[in-house]
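The primary structure of each chain is shown beneath.
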Amino acid sequence: MKHSNEAVLEALRHAQYRQVPWPKRPKVFEFLRGAGLLETIRQRTPDGPGYHAPVDIAVLTPRGKAEIVRLERSERAPTWPDERVNLYLVPVEAPKPTGT
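Every chain begins its residue count from 1, and numbering advances along the sequence as written. A pLDDT threshold of at least 70 governs which residues receive local features in this predicted model, and a stricter bar of 80 or more applies before side-chain atom pairs are shown or counted, although totals over entire chains, interfaces and linings include all residues. Each side-chain value is worked out from all heavy atoms of the structure, with water and hydrogens disregarded.

Focus on the packing of aromatic side chains
Okay, step 1: Each aromatic pair joins two rings of Phe, Tyr and Trp (for Trp, the six-membered one) with centres within 6.5 Å, and gets the label stacked for planes under 30 degrees apart, edge-to-face for over 60, and tilted for any other angle. Inspection of every chain in the model, using the stated rule, returns two aromatic pairs.
Okay, step 2: An angle of 40 degrees between the planes, with centres 6.4 Å apart, marks the rings of Trp22 and Phe29 as tilted. The two residues Trp22 and Phe29 agree in class, both being buried.
Okay, step 3: With centroids separated by 6.2 Å and ring planes inclined at 85 degrees, the aromatic side chains of Phe31 and Tyr88 adopt a geometry described as edge-to-face. A simple rule labels every residue: compare its accessible area, found with a 1.4 Å probe on the protein chains alone, to the largest value its type can have, and call it buried under 20%, exposed over 50%, or partly exposed in between.

This is how it looks when you write it as C-alpha cells:
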C-alpha cells in the first residue's frame, strides 16, 4: 500500500493518543505494523460483572515513537506543504555499532 507522509503522521498520532482496537484499525495500521512502527498488545479487560473479552490494541514501538518525532519536526518545516503529500518511505534502520 502507498501512503502519504501526512497519512502516516496522522495514523501514528491516532495510535499514540487513543486505544485503537486492532479489529477496528484503519488500513494504514497494517502497513505501519509491517514497517515495525506499530505493534499490538492485549489490553486488560475492565473489572466488573460479566465477561469482557480481551482486546488487542495498536501501540507505537520505539521506532514508531522516533518516527512520529521525525515527522512532526518535518511538519514544522516550511517544506511540509510539499512533503506531506509525498509517498511515505520507511526510513532504513541504522546499523547498531558492534563492540570491539
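Thoughts on the sheet that holds strand E3 (residues 55–60)
Okay, step 1: Strand pairing is assigned whenever DSSP detects at least two bridges linking the two strands. In DSSP terms, a helix is any run of H or I states spanning at least four residues, a strand is any run of E spanning at least two, and both are numbered starting from the N terminus. Reading across from one edge, E1-E3-E2 is the order of the three strands in this open sheet, with antiparallel pairing throughout. The open sheet has two edge strands, strand E1 (20–21) and strand E2 (38–43), and neither has a second partner.
Okay, step 2: Here E1 runs beside E3; their pairing, made up of two bridges, is antiparallel. Across the sheet, residue Val20 finds its bridge partner in E3, namely Ala58.
Okay, step 3: The criterion used for residue contact is that any of the two residues' heavy atoms lie within 4.5 Å. Axis lines are fitted to C-alpha atoms, over the contacting stretch for helices. Their N-to-C directions set the angle, which ranges from 0 to 180 degrees. Sheet strands touched by helix H1 (residues 5–17): E1, E2 and E3. Its angle to E3, the strand with the most contacts, is close to 120 degrees.

Here we look at the confidence of the model for the chain
Okay, step 1: You can read pLDDT as the predictor saying how much it trusts each residue, on a scale of 0 to 100. Mean pLDDT for the chain: 86, with 87% of residues reaching 70 or above.
Okay, step 2: Here E1 stands out as the least confident element of the chain, with mean pLDDT 86; helix H3 (residues 62–75) is the most confident, with 95.

Focus: the pattern of salt bridges
Okay, step 1: Here a salt bridge means any side-chain nitrogen of Lys or Arg lying within 4 Å of a carboxyl oxygen belonging to Asp or Glu. Applying the stated criterion to the full structure yields eight salt bridges.
Okay, step 2: In this structure, Glu6 engages Arg84 in a salt bridge whose closest nitrogen and oxygen atoms are separated by 2.8 Å. Separated by 78 residues along the polypeptide, Glu6 in helix H1 and Arg84 in the segment after helix H4 (80–83) bring together distant segments of the chain.
Okay, step 3: Note that Arg42 is salt-bridged to Asp56, the shortest N-O span being 2.7 Å. Residue Arg42 is located in strand E2, and its partner Asp56 is located in strand E3; the two are separated by 14 residues in the primary sequence.

With respect to the environment of Trp22
Okay, step 1: The residue Trp22 is located in the loop between E1 and helix H2 (28–34) in this model.
Okay, step 2: Taking C-alpha positions, Trp22 is 7.2 Å from Thr40, a pair spaced 18 residues apart along the chain.
Okay, step 3: In this structure, Trp22 is in contact with Phe29, Glu30, Arg33, Thr40, Asp56, Ile57 and Ala58, ignoring residues within four places of it in sequence.

Structural notes on the environment of Asn5
Okay, step 1: With respect to the helices and strands, Asn5 occurs in helix H1.
Okay, step 2: Classification of Asn5 by relative accessible area gives buried; the value is 12%.
Okay, step 3: Expressed as a C-alpha distance, the spacing of Asn5 and Glu75, which sit 70 residues apart in the sequence, is 9.4 Å.

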